[in-house]
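Remarks on the overall topology
Now for the letters of each chain:
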Amino acid sequence: MAERPPDPSAEGYDPRADRAAPQGEATAPRVPDREPIALRERLSLNRMGTFDWDLDGGVMELDPGALEVFDLRPDEYDGAPMSLISRVPPEDGLRLDAALSQSLQDGSASYGAYFRVRCRDGTRRWTHSQGRILRTPQGAAYRIIGIVREATGELADSALLRSLQQERQRQTVMVQQTTAALARALSVQDVTRVLTGTGGARRFGADALVLGLVESGRFEVIAAAGLEGEVPRNMLHSGLDDTLPLSDAARSRQPHFLSTRGELIARYPRLRPYVEVLPTGNAAFLPLIAQDTVLGALGLLNHEPAVHSPEARNLALALAGVVSQSLQRATLFDQEREFATGLQAAMLPRRLPPIAGGEVTVRYHPASVGRDIGGDWYDVIALPQGRTGLVVGDVQGHDTHAAAVMGQLRIALRAYASEGHAPETVLVRASRFLAELETERFATCTYVQADLESGALRLARAGHLGPLVCNSSRHVDWPEIRGGLPLGLATGFGQDHFPETQLFLEPGSTLLLCTDGLVEQPGRDISDGMDALSAAVRAGPTELEALADRLSEHLWAQPGSDDDMALLLLHRSAVPGERATPRLRLHVHQADPAGAAEVRSALRRTLDQWRAGAVSHDVEVAASELIANALTHTESGALVSMELLPGSPRRIRLEVEDRSSQWPCRRRPGETATSGRGLMLVEALADRWGAEPRGAGKALWCEFTVPDPPNGDQA
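A brief structural summary. Given the structure is predicted, the values throughout are model-derived calculations rather than measurements.

For the protein chain, the count of helices and strands is 16 helices and 27 strands. Counting over 715 residues, the protein chain shows a buried share of 48%. Sequence separation of 24 or more characterises 63% of the internal contacts of the protein chain that already satisfy a separation of 6 or more.

Moving on: the pattern of salt bridges. Side-chain pairs of opposite charge can arise whenever the charged atoms involved come near each other. Tallied over the full model, the rule gives 36 salt bridges. The salt bridge partner of Asp52 is Arg143, with a shortest N-O separation of 3.8 Å. With Asp52 in strand β1 (residues 48–54) and Arg143 in strand β5 (residues 141–150), this pair connects stretches of sequence that are 91 residues apart. According to the relative accessible area criterion, Asp52 is buried, its value standing at 17%. Close ionic contact of Glu655 with Arg653 constitutes a salt bridge, the shortest N to O distance being 2.9 Å. Its relative accessible area of 13% is what places Arg653 among the buried residues. Salt bridges sharing partners connect three or more residues here, namely Arg651, Arg653, Glu655, Glu657, Arg688, Glu692, Arg694 and Glu703.

Looking now at the sheet that holds strand β12 (residues 358–365). One open sheet accounts for five strands, arranged β12-β22-β21-β17-β18; its pairing is antiparallel. What marks the edges here is a single partner per strand, and that holds for β12 and β18 (476–477). As paired elements, strand β21 (residues 510–514) and strand β22 (residues 565–572) share five bridges and run antiparallel to each other. By the bridge assignment, Cys514 is partnered in β22 with Leu567. Relative to the sheet, helix α12 (residues 526–539) contacts β17 (468–470), β18 and β21, its axis offset from that of β17 by approximately 25°.

Where strand β6 (residues 208–215) meets strand β7 (residues 218–225), seven bridges bridge the pair, whose relative direction is antiparallel. From the neighbouring strand, Leu211 faces β7, where its bridge partner is Ala223. Here β6 folds back onto β7, and the loop between the two strands holds two residues, one of which, Ser216, carries a positive phi near 55°. One ladder, built from three bridges, connects β7 with strand β8 (residues 237–239); its direction is antiparallel. In the strand pairing of β8, Phe219 is matched with Ser238.

What follows is about the packing of helix α14 (residues 595–609) against helix α15 (residues 615–633). Viewed as axis vectors pointing N to C, α14 and α15 meet at an angle of 155°, and their least axial separation amounts to 10 Å. Judged on the interaxial angle alone, α15 and α14 are roughly antiparallel. In this structure, α14 meets α15 at a crossing whose hand is right-handed. Residue-level contacts link Ala596, Val599, Arg600, Leu603, Arg604 and Leu607 of α14 to Ser616, Val619, Glu620, Ala623, Ser624 and Ile627 of α15. Among the residues making up the contact of α14 with α15, the classes are represented as seven nonpolar, two polar and three charged.

We now examine α15. The terminal C-alpha atoms of α15 lie 27 Å apart, and with 19 residues this matches the ideal 27 Å at 1.5 Å per residue to within 8%. Within α15, the full set of buried residues consists of Val615, Ser616, Val619, Glu620, Ala622, Ala623, Leu626, Ile627, Ala630 and Leu631. Along the axis of α15, the buried residues cluster in a sector spanning 165°; they form a single face. Exposed side of α15, more than 90 degrees from the buried face: His617, Thr632 and His633 are the residues found there.

Glancing now at the side chain of Ser660. Residue position: Ser660 is located in the loop between β25 (650–658) and α16 (678–685). The exposure class assigned to Ser660 is buried, which follows from its relative accessible area of 14%. Ser660 has contacts with Thr634, Ser636, Ala696, Gly697 and Lys698, leaving out every residue within four places of it along the chain.

Here the focus is the sheet that holds β6. The strand order across the open sheet built from six strands is β8-β7-β6-β11-β10-β9, with neighbouring strands paired in antiparallel fashion. Each of the sheet's edge strands pairs with one partner strand only, and the pair in question is β8 and β9 (256–258). Recorded for the sheet is a direction-independent mean angle of 25° between the axes of neighbouring strands. Against the sheet, helix α4 (residues 188–196) makes contact with β6 and β7, and its axis sits at roughly 45° relative to β7, the strand it touches most. The strands touched by helix α6 (residues 245–252) are β6, β7, β8, β9, β10 (283–290) and β11 (293–301); relative to β11, the strand with the most contacts, the crossing angle is about 145°.

Our next topic: the packing of α15 against α16. Contact geometry for α15 and α16: axes closest at 9 Å, N-to-C directions at 155°. In terms of orientation, α15 lies roughly antiparallel with respect to α16. As α15 packs across α16, the resulting crossing turns out to be left-handed. For the pair α15 and α16, contact is made by Asp618, Val621, Ala622, Glu625, Leu626 and Asn629 and by Gly678, Leu679, Leu681, Val682 and Leu685, respectively. Among the residues making up the contact of α15 with α16, the classes are represented as seven nonpolar, two polar and two charged.

Further remarks concern a nonpolar patch on the surface. A contiguous nonpolar surface patch, about 270 Å² in accessible area, is contributed by Leu485, Leu489 and Phe493. Relative to the helices and strands, Phe493 resides in the loop between α11 (489–492) and β20 (501–504). Overall, the relative accessible area of 59% leaves Phe493 in the exposed class.

Right, let's get into the pairing of β1. When a strand is regular, its side chains alternate between the sheet's two faces. For β1, the tally of buried residues reaches seven of seven residues, placing the bulk of the element in the interior. Alternating positions in β1 separate into two faces, Met48, Thr50, Asp52 and Asp54 on one and Gly49, Phe51 and Trp53 on the other, with burial throughout. Here β1 runs beside β5; their pairing, made up of seven bridges, is antiparallel. Residue pairing across strands places Asp52 opposite Ile145, the latter belonging to β5.

Cis geometry is adopted by the peptide bond preceding Pro649, which originates at Ser648 and carries an omega value of 0°. Phi is positive for Asp292, which is not a glycine, with a value near 65°. Tracing the backbone through its elements, the reader meets Asp292 in the loop between β10 and β11. In this structure, Arg611 takes a positive phi of about 60° despite not being glycine. Relative to the helices and strands, Arg611 resides in the loop between α14 and α15. With relative accessibility at 38%, the residue Arg611 sits in the partly exposed group.

The rules behind these values
Residues numbered from 1 in each chain as written. Predicted model: local features only at pLDDT ≥ 70, side-chain atom pairs only at ≥ 80, totals over all residues. Heavy atoms only, no water. Helix = DSSP H or I, 4+ residues; strand = E, 2+ residues; numbered from the N terminus. Buried < 20%, exposed > 50% of the residue type's maximum accessible area, 1.4 Å probe, protein only. Contact = heavy atoms within 4.5 Å. Salt bridge = Lys/Arg side-chain N within 4 Å of Asp/Glu carboxyl O. Pairing = 2+ DSSP bridges. Axes fitted to C-alpha atoms, helices over the stretch in contact; angles between N-to-C directions. Parallel < 35°, antiparallel > 145°, perpendicular 65-115°, else oblique. Left-handed = near helix turned anticlockwise from the far one by under 90°. Nonpolar A, V, L, I, M, F, W, Y, C, P; charged D, E, K, R; others polar. Expected span 1.5 Å × (residues − 1). Arc of directions from axis to C-beta. Patch = residues over 30% accessible without salt bridge, like charges linked within 9 Å, V, L, I, M, F, W, Y side chains within 5 Å. Areas by Shrake-Rupley, 256 points an atom, 1.4 Å probe, with all protein chains shown as cover.

So this is what it looks like as structure tokens:
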């Protein structure tokens with residue numbers, strides 16, 4: 001622990017006391033020990049004096065200039081350093097001694113320190129002492145020769161410079177913060193949010209802020225923050241005249257700086273009834289001008305009265321310039337966005353056709369950031385024979401070009417679908433149309449041809465998200481829908497083939513189509529979004545419009561998606577008086593080798609939802625055998641149906657229907673036979689099985705008893 005320096009107020013004070021002389025050569029030129037040193041001149045200019053301190057003799061000589069610095073008369077000083085203690089406050093004496101002692105201990109050739117002197121009238125002045133330390137060849141200090149000078153003015157100037165520097169730094173930070181905040185503002189609404197949000201007024205060095213714009217020759221106040229109350233309604237709109245400060249600044253193109261609220265009321269008497277709303281201090285009203293166009297005016301108000309300095313006025317004008325540039329950019333952005341969104345709205349369907357046997361609803365939301373325009377679209381098309389076409393798609397990009405391509409593609413796809421073509425044909429023609437547009441954009445799309453009378457759905461997919469199906473028991477499934485490449489790309493690569501998948505929508509069930517903006521968030525896997533959508537549908541309201549609102553608000557609007565979103569919901573009405581039975585229907589094409597595997601996968605997912613347990617394997621094996629028989633021994637495809645029958649115990653009924661009138665024959669194959677065991681397996685696995693005619697064909701069916709779940713829950 002360092003020793004505390006000796007108290008300079010003690011008698012016989014010697015700064016060298018108890019300090020060993022440093023070893024080494026002396027750093028100062030040799031001067032005889034007792035030879036008087038004649039100073040070349042003793043300065044009294046600028047209240048400066050000299051001293052000569054003989055450390056061995058304990059005598060310090062002060063010239064008249066030095067005595068004047070210490071405010072001493074010659075008869076008040078006896079040459080002893082202790083005579084100066086009465087003029088130096090103790091804390092300053094300790095600081096001065098610490099600086100001198102440290103220099104003596106370090107072997108330094110000089111020292112310097114600031115300290116205060118207490119004058120005879122009680123005032124204090126700052127003083128600076130600087131001395132040259134003379135040492136013996138052995139390094140021992142024996143004399144200090146130096147100067148003392150009054151430094152009050154110097155430190156005052158330094159404090160002023162520091163204050164000015166701090167103020168400039170504060171102003172620089174204010175401009176930088178305001179510029180950075182406004183740089184991210186795209187629309188006028190974004191600009192007002194920056195100005196009136198948390199810390200908005202403080203960025204301008206103000207306690208309150210009011211912003212207004214010039215609209216069609218009138219002045220409109222659009223934002224305010226920090227006032228004691230709301231801006232009076234009759235003050236929100238005014239003419240461009242000199243009765244109000246903001247409109248006056250915009251009209252005259254001149255800033256107005258006022259020191260107090262009283263000065264403000266005196267200049268604008270129209271504000272007198274609303275004096276309680278206004279802060280009591282100074283105010284600045286600044287015109288917002290960009291490229292010689294007056295955009296509006298900005299008011300900055302404070303609680304403290306003050307006269308605006310030139311620096312404060314320049315800062316306010318600089319900040320107003322930053323706001324002006326941001327408002328001009330935001331105004332142009334809003335105009336472009338209004339044009340783009342109008343273009344996009346004109347290209348989307350204005351109304352939906354009536355749907356027999358069900359209802360349909362749609363939602364579309366532009367992106368929450370950017371130009372609020374993209375290539376997402378939806379369509380509901382009335383088709384021949386009472387069917388309905390449903391389309392959801394997304395053109396690459398988020399700009400007016402994407403919207404223009406989307407509009408052309410939507411119209412073309414609607415025309416192809418209206419002619420009654422199959423889903424695959426519709427997408428093939430749409431892909432070739434997009435390729436012929438000679439645009440670099442591609443599009444993803446899902447097209448559904450729905451017959452709500454029978455519940456049959458025919459789907460084709462082009463690089464797009466598949467549908468979600470929610471049945472009447474609130475079971476949610478994402479059926480596997482085969483698809484092709486995105487529209488345009490498929491034709492470009494010579495692979496414009498979009499295989500068709502057939503599903504059945506049971507009464508009381510809902511089909512959901514959407515674009516990826518509903519399920520995809522930056523930094524998250526799309527499967528997480530799909531799981532969230534499934535949970536939201538499962539727990540959401542049963543009424544279709546309410547469900548659409550819930551999905552839009554909680555899955556898209558709340559997270560603030562950067563992407564646009566299109567959502568389409570189709571609900572098939574339940575048959576009055578008929579209990580809804582969980583059911584699955586799938587179609588396997590005759591020439592589709594992968595169809596059987598897809599059906600087994602769909603059956604497996606459904607059986608898991610129904611909590612079928614160990615029976616699931618038996619049902620899947622039986623389905624595989626019956627499907628294989630239909631595809632092998634008939635010339636048609638197979639219609640696979642599975643339903644969960646009510647009652648206790650629960651039963652699962654599986655049916656495979658084909659268009660052949662040839663009745664099945666149960667064979668008894670030999671040990672080396674490679675076929676003929678299908679019906680034997682069905683008979684062995686099922687509790688009951690049989691065949692029955694179905695119009696132009698037949699259906700093979702089998703039933704399986706399902707044990708109740710361990711917790712007693714029913715599917």
